Amino acid sequence: QGTRDHAPAQAALRERLLSAVVSCFKRHGAAAIDTPVLELREVLVGKYGEGSKLIYELQDQGGELLALRYDLTVPFARYLAMNKITNMKRYHVAKVYRRDNPATTRGRYREFYQCDFDIAGQFDPMIPDAECLKIVHEILSDLQLGDFVIKVNDRRILNGVLAVCGVPENNFIPACSTVDKLDKMPWEEVRREMVRERGLSPEAADRIGEYVQLHGGLDLIEQLLQDPKLSQNKLAKEGLGDMKLLFEYLTLFGITGKISFDLSLARGLDYYTGVIFEAVLLQQDNEHGEEPASVGSVAGGGRYDGLVGMFDPKGRKVPCVGVSIGIERIFSILEQRLEASGEKLRTTETQVLVATPQKHLLAARLKLISELWAAGIKAEMLYKKDPKLLKQLQYCEDTGIPLAAIVGEQELADGVVKLRDVATRQEVRM
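Residues numbered from 1 in each chain as written. Predicted model: local features only at pLDDT ≥ 70, side-chain atom pairs only at ≥ 80, totals over all residues. Heavy atoms only, no water.

Colleague: What's the story with the sheet that holds strand β10 (residues 275-281) in this structure? I'm lost.
Modeller: Pairing between the strands of a sheet is mediated by backbone hydrogen bonds and can be parallel or antiparallel. The 9 strands lie next to each other as β1-β5-β6-β12-β11-β10-β7-β9-β8, forming an open sheet whose pairing is mixed. Edge positions in the sheet fall to β1 (31-32) and β8 (215-216), since each has one partner strand and no second. Bridge count for strand β6 (residues 111-120) against strand β12 (residues 320-325) is 6 bridges, and the pairing is antiparallel. The residue of β12 that forms the bridge with Phe-117 is Val-323. (Pairing = 2+ DSSP bridges. Helix = DSSP H or I, 4+ residues; strand = E, 2+ residues; numbered from the N terminus.)

Written out as structure tokens, the structure is:
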């Protein structure tokens, strides 16, 4: 199944997730923008490394070659270039499309939502990058998904490592794609792919292995700054200097406990130019003995300073950094937890059901519910002329509506409404 049909409870859960993510984006001052689902094929092709083969390609009746958007980043860069915008903080929540083999148990679909936050503009180093990492930390903490780690690296450091290990520059991107598999495959398999499929010498692969299996924090950055080979490489030195600065800002934000400088992180997209990061859930609370949901990374992003220039006729660059939250993967985890706990999820936000205990009181219900709606109160009633009171109260229990506003003949005569707490069955007249 390439796309997903959501039952009301699932749709309600996803809406809550999206609302929490958007609230965080707005808290950081981002404005909402939208881009078309369809792009010219040439806009998307060549931007995603090995992911390009997953682009949905289309052809319209006029013979124009089109494609469904693969992510929200490339269309954003195209939007900035076309509108000559050089400074923007934006968020975008929308569906993207990938011609992948769906793995629905792991939250992987062909049609799915992405939630993106991006900062475009010329700013002092690492300040916007640090804010993007802070946003990932805030969202994953707010959603209470369990323990997580945000892996951080820099494409310049990775390219520097490949250079000092003897990898030709035209082989950097394929080598990066292979390194990126270290979170799914042991080093021996990654090394084998480097030698057999990427054409690297066994000696070069071994030297790469000494670096890409390292992870740590400021201490590791300091250690690599003193590395006799890396310190001689201009790209790596720049990247390590910025990484040190980034960790200083993350320390001020108080989130370094969840950040790991990880040299194996490569992120397979071609457009990254600097800092890259990926958030991974470490474990799940698993009290019921089920297999934990294996969903991979739940957020990722990085700096892409050259992408806007690809769409500008004069090649003008706009530095950008951004993050994407994988809401469908997070959704899969929370959905499994809800099923395991047996907890019922409310599908609506209805606060009160307007009910009547006797026949011929539809007019009273319609009048009262109209007053409640006008006052901004979320209210419902059953679409029957004369429903039984027991059936109305049962509907409240089934759907989780906390209150019933009951108006019968006696209440009409007294000019009151009986308000019933559905859970405790306590009643007050108002």
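After presenting the structure, the write-up continues.
Colleague: So what exactly am I meant to see when it comes to helix α14 (residues 389-399) here?
Modeller: Every α-helix carries 3.6 residues per turn, so stepping three or four residues along brings you back to the same face. Every buried residue of α14 is accounted for by Gln-392, Leu-393 and Cys-396. Down the axis of α14, the buried set is contained in an arc of 95°. They therefore lie on one face. Those residues of α14 hidden inside the fold are in contact with β13 (352-355), α13 (362-374), β15 (403-406) and β16 (418-421). Just beyond α14, the residue with positive phi is Gly-400, at close to 80°. (Buried < 20%, exposed > 50% of the residue type's maximum accessible area, 1.4 Å probe, protein only. Arc of directions from axis to C-beta. Contact = heavy atoms within 4.5 Å.)

Colleague: Looking at this structure, I do not really get the side chain of Asn-233. What am I missing?
Modeller: Looking at the secondary structure, you find Asn-233 in the loop between α9 (218-225) and α10 (234-253). If we ignore the near neighbours within four places in the chain, the residues touching Asn-233 are Gly-160, Ala-163 and Val-164.

Colleague: Can you walk me through the UniProt feature "binding site: L-histidine" (unreviewed entry) in the chain in this structure?
Modeller: Using the residue numbers shown here, the UniProt feature "binding site: L-histidine" (unreviewed entry) corresponds to Asp-71, Leu-72, Thr-73, Arg-98, Gln-114, Asp-118, Arg-267, Tyr-271 and Tyr-272. Looking at the element boundaries, Asp-71 is found in the loop between β4 (65-68) and α3 (73-82). Given a relative accessible area of 3%, Asp-71 falls into the buried group. Beyond its immediate stretch of four places on either side in the chain, Asp-71 contacts Tyr-48, Val-96, Arg-98, Gln-114 and Tyr-271. In this structure the side chain of Asp-71 is engaged in a polar contact, spanning 2.7 Å, whose partner is the side chain of Tyr-48. The exposure class assigned to Leu-72 is buried, which follows from its relative accessible area of 0%. Sequence-distant contacts of Leu-72, that is, excluding residues within four places in its chain, are made with Arg-90, His-92, Ala-94, Val-96, Gln-114 and Asp-116. (UniProt positions renumbered as here; feature names shortened; annotations may be inferred. Polar contact = N/O pair within 3.5 Å; in protein donor to acceptor, adjacent residues only side chain to side chain.)

Colleague: So what exactly am I meant to see when it comes to unusual backbone geometry here?
Modeller: Trans is the prevailing form of peptide bonds, just as negative phi is the prevailing case for residues other than glycine. You will see that Gln-144, though not glycine, has its phi angle at about 50°, which is positive. Structurally, Gln-144 is set in the loop between α4 (127-142) and β7 (148-154). For Gln-144, a relative accessible area of 64% gives the class exposed. Phi is positive for His-360, close to 65°, though the residue is something other than glycine. Position of His-360 among the secondary structure elements: in the loop between β13 and α13.

Colleague: Hey, could you run me through the pairing of β12 in this one?
Modeller: Along a regular strand, successive side chains alternate from one face of the sheet to the other. Most of β12 is tucked away: 6 of the 6 residues are buried. Taking every second residue as pointing to the same face, both faces of β12 are buried, with Cys-320, Gly-322 and Ser-324 on one and Val-321, Val-323 and Ile-325 on the other. By the bridge criterion, 5 bridges tie strand β11 (residues 297-303) to β12 in an arrangement that is antiparallel. The residue bridging Gly-302 from the neighbouring strand is Gly-322, located in β12.

Colleague: Even after reading the chapter, I still don't get the side chain of Thr-350, so can you show me in this structure?
Modeller: Residue position: Thr-350 is located in the loop between α12 (327-341) and β13. We classify Thr-350 as buried; its relative accessible area is 6%. Separated by 3.1 Å, the side chains of Thr-350 and Thr-348 make a polar contact. Sequence-distant contacts of Thr-350, that is, excluding residues within four places in its chain, are made with Lys-378, Ala-379, Glu-380, Ile-401 and Pro-402.

Colleague: Where do I start with the packing of helix α5 (residues 155-164) against α10 in this structure?
Modeller: Helix-helix packing is characterised by the crossing angle of the two axes and by the distance between the axes. The N-to-C vectors of α5 and α10 enclose an angle of 145°; their axes lie 7 Å apart at closest approach. Crossing handedness for the pair α5 and α10: left-handed. Mapping the contact onto sequence places Arg-156, Ile-157, Asn-159 and Gly-160 in α5 and Leu-235, Ala-236, Glu-238, Gly-239, Leu-240, Asp-242 and Met-243 in α10. Of the residues belonging to the contact of α5 with α10, the class tally is 5 nonpolar, 3 polar and 3 charged. (Axes fitted to C-alpha atoms, helices over the stretch in contact; angles between N-to-C directions. Left-handed = near helix turned anticlockwise from the far one by under 90°. Nonpolar A, V, L, I, M, F, W, Y, C, P; charged D, E, K, R; others polar.)

Colleague: What is the right way to read the packing of α5 against helix α8 (residues 202-212) from this model?
Modeller: Where α5 meets α8, the closest approach of the two axes is 9 Å, and the angle between their N-to-C directions is 145°. Between α5 and α8 lies a crossing whose hand is right-handed. Contact with α5, carried on its side by Leu-158, Val-161, Leu-162 and Val-164, involves Arg-207, Ile-208, Tyr-211 and Val-212 of α8 and no other residues of that element. Its residues placed into classes, the contact of α5 with α8 shows 7 nonpolar, no polar and 1 charged.

Colleague: How should I be thinking about the sheet that holds β15 in this particular structure?
Modeller: The strand order across the open sheet formed by 5 strands is β14-β13-β15-β16-β17, and the pairing between neighbours is mixed. In this open sheet, the two edge strands, each paired with only one partner strand, are β14 (379-380) and β17 (427-429). Inspection of the sheet shows β13 paired to β15 by 4 bridges, in the parallel sense. Bridging across to β15, Leu-353 finds its partner in Ala-404. Packing of α14 onto the sheet brings it into contact with β13, β14, β15 and β16, and relative to β13 it is tilted by some 175°.

Colleague: Would you explain the environment of Ile-327 in this entry?
Modeller: Relative to the helices and strands, Ile-327 resides in helix α12. For the pair Ile-327 and Cys-115, spaced 212 residues apart in the sequence, the C-alpha separation amounts to 7.0 Å. When near neighbours in sequence (up to four residues on either side) are disregarded, Ile-327 contacts Leu-17, Leu-18, Val-21, Tyr-113 and Cys-115.

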